[in-house]
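# Descriptive analysis of the structure
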Amino acid sequence: MPRSVMRSVPFRATAAIAWVAAGLLIAAAPAQAQQRANLLWLEPGKVDIARIIGLPPAMNAPEQKREFDEVLQITLGRTPEREKAAIADQYQTLARFLEGADIPFAGNQHREVRLLFREAQVELGIVLLSVRRLTNRQRPFTVWNKVRVKPCPGGRPEGSSFPSTHAATAALYAELLTQAAPELAAKFEERVTDYGESRLVCGFHYRSDLVAGDKAGRAVAKALLAERAFRSRFDETRAEIRLALGLK
């Protein structure tokens, strides 16, 4: 089952969360992070994602057919330029999220920013596992409904399409980034929409997958910011986040 993490390769590997978590343990973290009793910021069950996002439509429901038809039309009408951007958006990284919004990001120069957002993304991936185990929604390109949806070339995601981890990751990024750079909030939100639309363009998700993912990402971001230890770490990194975005 795919898991959402920040990586330099497309989102596919089943051991992604464990891989990132191991890296976080090895990395030299700030003093506060080293003093934590465990790797995770949120206690198990802190965010009830199943209650927040609900379940997808049944595969034989009219709503499901409408959503399939929408994806089919979007994929039939995609241009080579939009397809290229959608393929690039398969990379779930903060750098790619910002690149697609034409926002400069000096990530290589700001290690603590990369580490903080990576940890937040690990939290999101773990929370999403609890609801992904409850669903087995077929992705649009795997469904036969008179006409097949043609997916984008390259790697194809596996497992349940509900909720969209890309949409969740984008919403998580936007919520956290807005806390540090509120003057860019509108651009972050535009990018959330664009990032999610890429999943429709490639035939990988339905509209309700994006809606559910967006709710999940925002819920996890808000839960993290409500945690005293994470909030303290975030506030300590705020100035560096702004510098990484080219802001004063």
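The coordinates are above.
The notes below deal with the structure included here.

Criteria and thresholds
Residues numbered from 1 in each chain as written. Predicted model: local features only at pLDDT ≥ 70, side-chain atom pairs only at ≥ 80, totals over all residues. Heavy atoms only, no water. Helix = DSSP H or I, 4+ residues; strand = E, 2+ residues; numbered from the N terminus. Buried < 20%, exposed > 50% of the residue type's maximum accessible area, 1.4 Å probe, protein only. Contact = heavy atoms within 4.5 Å. Core = buried A, V, L, I, M, F, W, Y, C linked by side-chain atoms within 4.5 Å.

Turning to the environment of Ala171, a few remarks are in order. Here Ala171 shows up in helix 8 (residues 165–180). Given a relative accessible area of 0%, Ala171 falls into the buried group. Distance in space between the C-alpha atoms of Ala171 and Val220 is 9.4 Å, their sequence separation being 49 residues. Those residues within four positions of Ala171 in sequence are excluded, and the remaining contacts are Val192, Asp214, Gly217 and Arg218.

The subject of this paragraph is the nonpolar core. Formed by 46 residues in total, the largest nonpolar core has its most connected members in Leu177, Phe188 and Leu245. Taken together, the elements giving at least two residues each to this core come down to helix 3 (49–53), helix 6 (94–99), helix 7 (111–132), helix 8, helix 9 (185–201), helix 10 (207–226) and helix 11 (228–244). If we skip the residues at most four places from it in the chain, Leu177 touches Leu94, Phe97, Leu98, Phe117, Phe188, Ile241 and Leu245.

This paragraph deals with the environment of Phe162. Here Phe162 shows up in the loop between strand 2 (147–148) and helix 8. By relative accessible area, which is 2% here, Phe162 ends up buried. Remark: the alpha-carbon pair of Phe162 and Leu134, spanning 28 residues in sequence, is separated by 9.5 Å. Residues contacting Phe162, with those up to four places away along its chain left out, are Ile53, Gly54, Leu55, Pro56, Arg132, Thr135, Arg137, Ser208, Asp209 and Ala212.

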